[in-house]
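The primary structure of each chain is shown beneath.
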Amino acid sequence: EAENQKQEYWEKSMRDALTGLFNRDAAVQSVNRYMQDGDKAPDGTLMVIDLDNFKEINDTMGHVQGDLVLREVAEILRSSFRKTDIVGRLGGDEFIVLMRDIKSQENVRSSAEKLLGLLRRTYKREGREVSISGSIGIAMVPECGRKFKHLYDCADQALYSVKYAGKGGYCFAEKADSRQKAEQE
């Protein structure tokens with residue numbers, strides 16, 4: 001009984017209260033644990049997903065609607081990826097997915113395109129209308145490293161490029177530069 005409660009408490013502490021996805025700490029730990037075998041570590045791809053125009057939903061329709069949107073997005077992510085993939089909410093309207101054992105850019109590309117389609121939605125309320133979409137930065141393993149921090153930094157830079165280019169798309173990160181590589185050794 002006490003063991004079960006401990007397990008339950010531990011699992012709850014890893015979950016984001018609003019969406020039920022992994023919270024930031026749990027997502028970071030899970031990715032690092034998955035990658036811990038160094039060079040023998042499996043392949044994978046980290047996606048950093050940011051919602052476009054989300055602030056506008058909170059501002060014009062209120063936080064209750066905003067929370068609803070975040071829960072819907074979490075559900076889309078949960079149903080778009082495999083049970084074995086790591087799906088988390090880093091905070092605000094930023095989410096991550098680590099697709100395990102994926103090294104084909106083609107597979108990643110088709111997942112990203114499918115996801116972008118699902119994230120394009122329009123919410124109407126009291127005569128107001130707000131459209132949201134997703135922007136995705138993608139970092140491949142091992143090109144961008146094998147630690148969460150390096151993968152995240154790469155994906156985040158790619159995400160910035162998408163936002164800068166007008167949102168609603170995805171971008172693969174360049175390989176980590178040699179300076180970063182030296183840090184990882």
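Look above for the structure.
The model shown is predicted, which means the values in this text are computed figures rather than measured ones.

Among the nonpolar cores identified, the biggest contains 31 residues, and M47, I49, L77 and L115 are the most heavily contacted of them. At 6 residues, the largest contribution of residues to this core is made by helix α4 (residues 63-80). Setting aside residues up to four positions removed in sequence, L115 forms contacts with M47, I49, I76, L77, S80, F81 and I136. A139, F148, Y152 and L159 belong to the second-largest nonpolar core, a separate cluster that totals 24 residues.

The terminal C-alpha atoms of helix α1 (residues 2-14) lie 19 Å apart, and with 13 residues this matches the ideal 18 Å at 1.5 Å per residue to within 8%. In terms of residue burial, α1 counts as a barely covered element, since only 1 of its 13 residues are buried.

This part takes up the packing of aromatic side chains. Aromatic ring pairs are defined here through the distance separating the ring centres and the angle between the ring planes. Enumeration according to the criterion identifies 3 aromatic pairs in this entry. For the pair Y160 and Y164, a centre-to-centre distance of 6.3 Å together with 20 degrees between the ring planes defines the contact as stacked. Of this pair, Y160 and Y164 are both found in helix α6 (residues 148-164), 4 residues apart, which corresponds to roughly one turn of the helix. Ring geometry for Y170 against F172: centres 6.2 Å apart, planes inclined by 80 degrees, an arrangement best described as edge-to-face. Residue classification places Y170 among the partly exposed positions, given a relative accessible area of 21%. What makes F172 buried here is its relative accessible area of 14%. In this structure, R15 is placed above the aromatic ring of F22, and the distance from its NZ or CZ to the ring centre is 4.5 Å.

Omega for the peptide link from V141 to P142 comes to 0 degrees, which places this bond in the cis form. Relative to the assigned elements, P142 resides in the loop between β5 (128-140) and α6. Phi angles above zero are rare outside glycine, and D101 is one such case at about 55 degrees. Topologically, D101 is positioned in the loop between β3 (94-100) and α5 (105-119).

This model, assessed by the stated rule, comprises 11 salt bridges. R89 is paired through a salt bridge with D16; the nearest N and O atoms lie 3.1 Å apart. With R89 in strand β2 (residues 86-91) and D16 in the loop between α1 and α2 (24-34), the pair connects residues that are 73 residues apart, well separated along the chain. Note on R89: relative accessible area 13%, which makes it buried. Its salt-bridge partner being E129, residue K124 comes within 3.9 Å of it at the nearest N-O pair. Given the relative accessible area of 64%, K124 is considered exposed. Residues participating in the shared-partner salt-bridge network are D50, D52 and K163.

Basis of the calculations
- Residues numbered from 1 in each chain as written.
- Predicted model: local features only at pLDDT ≥ 70, side-chain atom pairs only at ≥ 80, totals over all residues.
- Heavy atoms only, no water.
- Core = buried A, V, L, I, M, F, W, Y, C linked by side-chain atoms within 4.5 Å.
- Buried < 20%, exposed > 50% of the residue type's maximum accessible area, 1.4 Å probe, protein only.
- Helix = DSSP H or I, 4+ residues; strand = E, 2+ residues; numbered from the N terminus.
- Contact = heavy atoms within 4.5 Å.
- Expected span 1.5 Å × (residues − 1).
- Phe/Tyr/Trp six-rings, centres within 6.5 Å; stacked < 30°, edge-to-face > 60°.
- Lys NZ or Arg CZ within 6 Å of the ring centre and 35° of its normal.
- Salt bridge = Lys/Arg side-chain N within 4 Å of Asp/Glu carboxyl O.

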